[in-house]
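Structural description and commentary
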Amino acid sequence: MKINPAILTADVKEALSMIGQVEEALDSHIRKHVDHVQVDIIDGIFVGNTTIIPEALADLDTSLQIDFQLMVREPIDWVERCVNPATDRVIGHIEQMSDQVGFVKKVQSLGYKVGLALDIKTPVYMIDPVILTNLDMVLVMSVPAGFGGKSFDKRAINKIKQLDKTRERDDTPYVICDDGGITFEFVDDLKHTGVDEVAIGRRIYKGNLKQNIEKFIEKAYGRG
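Basis of the calculations
Throughout, a residue's number is its position along its own chain's written sequence, starting from 1. Under the rules for a predicted model, residues below a pLDDT of 70 receive no local features and side-chain atom pairs below 80 are neither given nor counted, while totals for whole chains, interfaces and linings still include all residues. Note that the side-chain values use all heavy atoms of the structure and ignore hydrogens as well as water. Only protein chains enter the accessibility calculation, which uses a 1.4 Å probe; a residue is then buried when its area is under 20% of its type maximum, exposed when over 50%, and partly exposed in between. In this description a helix means any DSSP run of H or I spanning at least four residues, a strand means any run of E spanning at least two, and both kinds are numbered starting from the N terminus. Each direction from the helix axis to a C-beta atom contributes to the arc, which is the arc of those directions. The disulfide criterion is simple: two cysteine sulfur atoms within 2.5 Å. All axes here are fitted lines through C-alpha atoms, helices being fitted over the stretch that makes contact, and every angle between N-to-C directions spans 0 to 180 degrees. For this classification, under 35 degrees means roughly parallel, over 145 means roughly antiparallel, 65 to 115 means roughly perpendicular, and everything else is oblique. Should the near helix be turned anticlockwise from the far one by less than a right angle, the crossing is termed left-handed; should it be turned clockwise, right-handed. We call two residues in contact when some of their heavy atoms are within 4.5 Å. DSSP-based pairing: two strands are paired if at least 2 bridges between them are found. Between Lys or Arg on one side and Asp or Glu on the other, a salt bridge is scored when a side-chain nitrogen of the former is within 4 Å of a carboxyl oxygen of the latter. Here the aromatic set is Phe, Tyr and Trp, taking the six-membered ring for Trp, and pairing holds for ring centres within 6.5 Å; pairs whose planes are under 30 degrees apart are stacked, those over 60 apart are edge-to-face, and all others are tilted. By definition here, charges over rings are those cases where NZ of Lys or CZ of Arg is within 6 Å of the ring centre and within 35 degrees of the ring normal.

**Here's the deal with helix H4 (residues 184-193)**
For H4, the full list of buried residues reads Phe186, Val187, Leu190 and Thr193. When H4 is viewed along its axis, its buried side chains cluster within an angular range of 125 degrees and face the same direction. Just downstream of H4 lies Gly194, where phi reads positive at about 130 degrees.

This is the structure we're talking about:
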């Protein structure tokens, strides 16, 4: 299982510091499980919160790969703003996305991997089945999008199971990432439900980041 430290902040300096902290925590063991950082982008329209904009990281120098999670109105309009040497995946929430096919094509045209994200109340069937097999990731929120520090909502589990079953028929299956409220208690269950990656925000940074990452890895593999 991959562990993706997640960043939700309106402070550019804090975002850069958090990315730096992850880099400092990497060693040969942790690198097997941590190679991405997720940066949440919120426009104040999708939900009543705002964060840094993607361009704030345009000059980022990092060995990590960046995922931009777009919690915005019409994510397609934000795709080109995510152009960055460190960008690997651009993930758009579908709740205020009028053209899922167009979004996927736009991201792919820039050479990035593409994902679609589901807020906690959004059912799996809202993803356009036409492009489901073209996705590199489906991200499932297990808290309401846009705000950190919430408790894990078990409604996410059924969606993960549905997505895991659906990808069995795909020759190039998408990865499933769960985002929100993830504690040591839940990470092993998520792995066995079908989750490939988990995005963990301020909880993973609290205290000793390296030790927290190691403990999440241990719990994911039933060793702690």
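That covers the picture; the talk isn't over yet.
**Let's talk about the state of the cysteines**
For the structure on display, the rule yields zero disulfides. Here Cys177 stays free of any disulfide, with the sulfur of Cys82 as its closest cysteine sulfur at 16 Å. A residue is classified by how much of its surface remains accessible, and Cys177, at 0% relative accessible area, is buried.

**Some thoughts on the packing of helix H1 (residues 12-25) against helix H6 (residues 209-220)**
With their axes 9 Å apart at the nearest point, H1 and H6 run at an angle of 65 degrees to one another. As the angle between them shows, H1 and H6 are arranged roughly perpendicular. Here H1 and H6 pass one another in a crossing that is right-handed. Residue-level inspection shows Gln21, Val22 and Ala25 of H1 in contact with H6, the latter providing Leu209, Lys210 and Ile213.

**Re the sheet that holds strand E5 (residues 113-118)**
On the basis of which strands lie adjacent, the closed barrel formed by eight strands has the order E1-E2-E3-E4-E5-E6-E7-E8 and parallel pairing. Geometrically, the sheet is characterised by an average inter-axis angle of 25 degrees between neighbouring strands, direction not taken into account. The pairing of strand E1 (residues 2-7) with strand E8 (residues 197-200) spans four bridges and is classified as parallel. Of the residues in E8, the one forming a bridge with Pro5 is Ile200.

**A few points about the pattern of salt bridges**
Applying the stated criterion across every chain yields a total of eleven salt bridges. Between Asp88 and Lys113 there is a salt bridge, with its nearest N and O atoms 3.8 Å apart. Of this pair, Asp88 sits in strand E4 (residues 87-93) while Lys113 sits in strand E5, and the two are 25 residues apart along the sequence. The class for Asp88 is buried, based on a relative accessible area of 10%. The shortest N-O distance in the salt bridge between Asp153 and Arg155 comes to 2.7 Å. The class for Arg155 is partly exposed, based on a relative accessible area of 45%. Each of the salt bridges in this network shares a partner with another, and the network as a whole consists of Asp67, Arg89 and Glu197.

**Structural notes on the packing of aromatic side chains**
What the rule picks out here adds up to two aromatic pairs. Taking 4.4 Å as the distance between ring centres and 25 degrees as the angle between the ring planes, the aromatic pair formed by Phe152 and Phe186 counts as stacked. With Phe152 in the loop between strand E6 (137-141) and helix H3 (155-166) and Phe186 in helix H4, the pair connects residues that are 34 residues apart, well separated along the chain. On the accessibility criterion, Phe152 (11% relative accessible area) is buried. Judged by its relative accessible area of 14%, Phe186 falls in the buried class. Ring plane angle 45 degrees and centroid distance 4.4 Å describe the contact between Phe184 and Phe216, whose orientation is recorded as tilted. Residue Phe184 is located in helix H4, and its partner Phe216 is located in helix H6; the two are separated by 32 residues in the primary sequence. In this arrangement the basic side chain of Arg81 is found over the ring face of Trp78, its NZ or CZ atom lying 4.0 Å from the centre.

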